[in-house]
Amino acid sequence: MSRCVQLAKNGLGTTYPNPLVGSVIVYNNKVIGEGWHYQAGMPHAEVNAISSAKDKEQLQKATIYVSLEPCSHFGKTPPCADLIIASGIKKVVIGSTDPNPKVAGRGIQKLLQAGCDVVVGVLETECDELNKRFFTFHKKKRPYILLKWAETADGFIAPESSERNNKIEPVWITNTYSRQIAHKLRAEEQGIVVGTQTVLDDNPSLTTRDWYGSNPVRVVLDRNLKISKEASVLNDASKTIIVTEKEATNTATHFYERCDFSENLTQQICNIAHKHELQSIIIEGGAKTLQTFIDANLWDEAFVFKGKAIFGKGVKAPVLSAVIHSEENIREDVLQYFKNNPL
């Protein structure tokens, strides 16, 4: 099962809206097949594992391990439970049950009815952690939420506006390597959230320029539609959701969602993200937006990059009263990692 988890991680950032799944087939204590789910619409992990087995006759005496319950319904691909049964495999070892209402135990039931020996809950904690985004989305009806910001050695997230000399460009706090890690995070998550002031100050594009992968869906908070249509965040590089109180017309890549900024904004953002089927979002700025999610205790993980720069004054970094889970040096920078709510 550990190998299943390891294989499944290869699909991080490419399987949405599907979960991460890995599968291994064992015969006479030897691995005869393995696979993982690459991308939505492509064969699932069990299909790839069975296809990779050279001697199909061995399958009848083999055991298949899979990190998540095999699907039992027709989607873009046929049910994996049916394939397992048809291939003659009699023993199935499963890590987690699938919380998706379309599956939710039906795959296990189908295997049992076909006479398979089914074991459930092997390395369940590790398998649940693997699909923390998928599980949160289906169980809590909200995206998995990551907080991310960079702050100076003296605790500022940005300089004062007057210090920018009217230049609309980012002021870098961390080094190139830290920024590359930040872009890696973007490639692994489905959405990214920023406030109006961040866009006005930095003109970010919120893409994965420094890492291979898909651009996240951009969620821009723009209460009064103050952001210029020429802003980088409103280009066509990625789907963009603009959360506002104003009326506006959707386009092929821009979607306007109305909400009341004076009433429980964090939950409304989560509801909008869930509506657009975003299983995970990064809250990337600014300080006010980040602090709002912290104060609502509506976050799951946080990544705080600390650079060596000193501003002396400016926009104070968010206050996160949580115990550091881990810490690592990135050259002269420090990355602090925090965890919050368990599944």
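Quick notes on the rules
Residues numbered from 1 in each chain as written. Predicted model: local features only at pLDDT ≥ 70, side-chain atom pairs only at ≥ 80, totals over all residues. Heavy atoms only, no water. Domains from an automatic or database assignment. Buried area = accessible area lost by both parts, 1.4 Å probe. Salt bridge = Lys/Arg side-chain N within 4 Å of Asp/Glu carboxyl O. Polar contact = N/O pair within 3.5 Å; in protein donor to acceptor, adjacent residues only side chain to side chain. Nonpolar A, V, L, I, M, F, W, Y, C, P; charged D, E, K, R; others polar. Pairing = 2+ DSSP bridges. Helix = DSSP H or I, 4+ residues; strand = E, 2+ residues; numbered from the N terminus. Axes fitted to C-alpha atoms, helices over the stretch in contact; angles between N-to-C directions. Contact = heavy atoms within 4.5 Å. UniProt positions renumbered as here; feature names shortened; annotations may be inferred. Buried < 20%, exposed > 50% of the residue type's maximum accessible area, 1.4 Å probe, protein only.

Q: Please clarify how the domain arrangement of the protein chain should be interpreted in this entry.
A: Reports of interface size often rely on the accessible area that becomes lost once the parts have come together. Structurally, the protein chain comprises domain 1 (1-134) and domain 2 (143-339). Domain 1 and domain 2 are separated by 35 Å when their C-alpha centres are compared. At the boundary of domain 1 with domain 2, total buried surface from both sides reaches about 840 Å², with 47% on carbon and sulfur atoms. Considering only the side of domain 1, the residues that lose the most area to domain 2 are Tyr16, Lys132 and Arg133, jointly responsible for 60% of the buried surface there. Between Lys339 and Glu129 there is a salt bridge whose closest N-O contact spans 3.8 Å. Where domain 1 meets domain 2, there are five residue pairs in polar contact (both at pLDDT 80 or more). When its residues are assigned to classes, the side of domain 1 that touches domain 2 shows four nonpolar, two polar and three charged.

Q: What is the right way to read the pattern of salt bridges from this model?
A: This model, assessed by the stated rule, comprises 15 salt bridges. Several salt bridges converge on common partners, so that one network encompasses Glu129, Lys132, Glu301 and Lys339.

Q: Looking at this structure, how should I read the sheet that holds strand S1 (residues 22-27)?
A: Within a sheet, neighbouring strands are paired by backbone hydrogen bonds and run either parallel or antiparallel to one another. The strand order across the open sheet formed by five strands is S2-S1-S3-S4-S5, and the pairing between neighbours is mixed. Looking at which strands have only one partner, the edges of the open sheet turn out to be strand S2 (30-36) and strand S5 (117-120). On average, adjacent strands in this sheet sit at an angle of 15° to one another, irrespective of strand direction. Sheet analysis places S1 next to strand S3 (residues 63-68), joined by four bridges and oriented antiparallel. In the strand pairing of S3, Val24 is matched with Tyr65. Along the sheet, helix H4 (residues 106-113) makes contact with strand S4 (91-96) and S5, crossing S5 at roughly 150°.

Q: I would appreciate a short explanation of the UniProt feature "binding site: NADP(+)" (unreviewed entry) in the protein chain in the present structure.
A: In this numbering, the UniProt entry assigns the feature "binding site: NADP(+)" (unreviewed entry) to Ala150, Trp172, Thr198 and Asp202. Maximum C-alpha separation among the annotated residues is 13.6 Å over a sequence range of 53 residues, consistent with a single clustered spot. As for its position among the elements, Ala150 is in strand S6 (residues 144-151). Note on Ala150: relative accessible area 18%, which makes it buried. In this structure, Ala150 is in contact with Phe156, Ile157, Ile173, Thr174 and Phe305, ignoring residues within four places of it in sequence. Looking at the element boundaries, Thr198 is found in helix H8 (residues 196-202). For Thr198, a relative accessible area of 16% gives the class buried. If we ignore the near neighbours within four places in the chain, the residues touching Thr198 are Asn203, Pro204, Gly285 and Gly286.

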